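A structural walkthrough
Here is what each chain is made of, one letter per residue.
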Amino acid sequence: MIARTLALAAALGVASLAWQPAQAQVHVVSTKTEKVGKGSANAYVTMTNKGVPIALGVSFNKGALDGLPTDMNPTNRCFNGKCLGDYDYDFALQGEAAKAVSPFAWIMLNWNPHGHGQPAPPPWAEPHFDIHFYIADRAAIRGLKTGTCGEMIDCEDFKRATKPVPGAYTHGDYISVDAAVPAMGNHLIDTKSPELQPGGPKFTATFIYGALDGHVAFYEPMITLAYLRSNPNKCETIKQPAAFEFAGHYPTKYCVRHTARTGKTTVSIEGFVKRTKG
C-alpha cells in the first residue's frame, strides 16, 4: 500500500516522502479536471492518513502546456470594451482535502498569453500562469467588479482590495503597487525578486501575496510558460510573515516539477507548518 501511494505521489510530481515515518500512509485527493491547451489540469492535495498536508498544487497533464491561446481573452475582466485578457479556471477543495489544507479553500489558475501590462513591472510581460491559492471566500473574490481604477476594477472595490494588510501578516519585502484586479484581488510584490533588480535575470518564477479588505487573500506562484516547458524540478522558499491571522497549515516553499514518466508538470505549495492565530 505504501509503495503504491508513494508511486502515485511521485506521478503527480509532489515532494519526496522519504522523510515520512515508515508507518505513515499518504494519499492524493484530486479535483475535477479543466481543459487547458491540448490537455487538461486539475488541483490536488497530498496528505497523510492522519490528515497532515504535504502538498497543495495544480497538475498539468502532457498536452496542457501546448496549444494554449496566444490571443488575449476578449470576454474576461472587461470594461468599456477593454479586457485584461486572461483565461481562468477554478478548482474547489472539498471534504478531507479542504480540511487538511485549511485555511486554503480553492484555487484559481490563470493563463496570461501576453503577460501583465502596467502597473505590473515590465519583466512580467512574459506569457505565464498565475496559480492563486485562495484563503478568501470565493464569492467575495468573484464579486469584485470591473471599473476604472487599478487594473480595470470598480473604484470602491479598489479601495477594499488595497486596504493595507497589517505588517505582521506579510513579509517586509512585500509592497502594494495598487495592482488590484476585478474578480481576483490586490497583489503584493516582492521588491527583492531577482528579475526586478537592475541587470537581474529574466523572469521565470516568483511568489506574490494577495490581499482584500486588509486580509491576506491568496498565495500565488507566478510561473512562465517557458520555464514550465523546460521540465524543471526546483523549490523556492516562501518568505514568511511574523504572524498569521487565521490558524491552520501554511506553506514554507513552492515547487515546480516535471515527471518524465507521466509527462505531468506540477506547481505546488509545500513544507506546511501548523500555525496558531496571531
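Residues numbered from 1 in each chain as written. Predicted model: local features only at pLDDT ≥ 70, side-chain atom pairs only at ≥ 80, totals over all residues. Heavy atoms only, no water.

1. Notes on the pairing of strand 13 (residues 215–224)
What counts is decided by this rule: For every residue, the accessible area (1.4 Å probe, protein chains only) is compared with the maximum for its type, and the residue is labelled buried under 20%, exposed over 50%, or partly exposed between those bounds. The secondary structure listing takes helices from DSSP runs of H or I that are at least 4 residues long and strands from runs of E that are at least 2 residues long, numbered from the N terminus. The pairing criterion is simple: DSSP has to find at least two bridges between the two strands.
Within strand 13, 9 of the 10 residues are buried, which leaves the element mostly enclosed by the surrounding structure. Of the pairings in the sheet, the one linking strand 8 (residues 128–134) to strand 13 comprises 5 bridges and is antiparallel in character. Opposite Phe 129, over in strand 13, you have Ile 223 as the bridge partner. Judged from the 8 bridges that link them, strand 12 (residues 205–212) and strand 13 form a sheet pairing that is antiparallel. Note on strand 13: the bridge partner recorded for Tyr 209 is Tyr 219. The turn linking strand 12 back onto strand 13 is made up of 2 residues, and Asp 213 within it adopts a positive phi angle of 55°.

2. What about the environment of His 128?
As a reminder, the rule being used: Residues count as neighbours in contact if any of their non-hydrogen atoms are within 4.5 Å of one another.
The residue His 128 is located in strand 8 in this model. When its relative accessible area of 0% is taken as the criterion, His 128 is described as buried. His 128 sits 125 residues away from Lys 253 along the chain, and the two C-alpha atoms are 20 Å apart. Beyond its immediate stretch of four places on either side in the chain, His 128 contacts Asn 110, Trp 111, Asn 112, Gly 115, His 116, Phe 203, Met 222, Ile 223, Thr 224 and Leu 225.

3. Topic: the sheet that holds strand 10 (residues 174–176)
What counts here: Convention adopted: a line fitted to C-alpha atoms gives each axis, helices being fitted over their contacting stretch, and angles between N-to-C directions are expressed from 0 to 180 degrees.
Strand order in the open sheet formed by 7 strands is 6-7-8-13-12-11-10, with antiparallel pairing between adjacent strands. The sheet is open, and its two edges are formed by strand 6 (87–92) and strand 10, each paired on a single side. Along the sheet, successive strands turn relative to each other by an average axial angle of 25°, direction set aside.

4. What about the state of the cysteines?
Where we set the bar: Disulfides are defined as pairs of cysteine sulfur atoms found within 2.5 Å of each other.
Enumeration over the complete set of coordinates arrives at 3 disulfides. Across the disulfide, Cys 149 is cross-linked to Cys 155 (sulfur-sulfur distance 2.0 Å). Here the disulfide of Cys 149 and Cys 155 is right-handed, its torsion about the S-S bond being about 85°. Taking only the cysteines that form disulfides and numbering them from first to last, the protein has the pattern 1-2, 3-4, 5-6.

5. Re the nonpolar core
Rules: Here, nonpolar core means buried Ala, Val, Leu, Ile, Met, Phe, Trp, Tyr and Cys residues that are tied together by side-chain atoms lying within 4.5 Å of each other.
Core analysis: the largest hydrophobic core is formed by 47 residues, its most contacted members being Leu 56, Leu 109, Phe 129 and Tyr 219. Excluding its chain neighbours within four sequence positions, the residues that come into contact with Leu 109 are Val 36, Ala 41, Val 58, Phe 60, Tyr 87, Asp 88, Tyr 89, Phe 91, Phe 129, Asp 130 and Ile 131. In this structure, Cys 149, Phe 158, Ala 161 and Ala 217 belong to the second largest nonpolar core, which totals 16 residues.

6. Focus on the pattern of salt bridges
Defined as follows: Salt bridge, as used here, is a side-chain nitrogen of Lys or Arg placed within 4 Å of a carboxyl oxygen of Asp or Glu.
According to the stated counting rule, one finds 16 salt bridges in the structure shown. In this structure, Asp 66 and Arg 229 form a salt bridge, with 3.8 Å as the shortest nitrogen-oxygen distance. One end of the pair, Asp 66, is in the loop between strand 3 (53–60) and strand 4 (78–79); the other, Arg 229, is in the loop between helix 5 (225–228) and strand 14 (233–237), with 163 residues separating them in the sequence. A residue is classified by how much of its surface remains accessible, and Arg 229, at 44% relative accessible area, is partly exposed. Asp 88 serves as the salt-bridge partner of Arg 77, at 2.7 Å between the closest nitrogen and oxygen. Of this pair, Arg 77 sits in the loop between strand 3 and strand 4 while Asp 88 sits in strand 6, and the two are 11 residues apart along the sequence. A relative accessible area of 23% places Asp 88 in the partly exposed class.

7. Some points on the environment of Glu 220
What counts here: Counting of polar contacts relies on pairs of N or O atoms within 3.5 Å, with two restrictions inside protein: one atom must be capable of donating a hydrogen and the other of accepting it, and residues adjacent in sequence are counted only when both atoms are side-chain atoms.
If you trace the backbone, Glu 220 turns up in strand 13. Residue classification places Glu 220 among the buried residues on the basis of a relative accessible area of 0%. Not counting residues within four places of it along the chain, the set of residues in contact with Glu 220 comprises Asp 130, Ile 131, His 132, His 187, Thr 206, Phe 207 and Ile 208. A polar atom in the side chain of Glu 220 sits 3.3 Å from the side chain of His 132.

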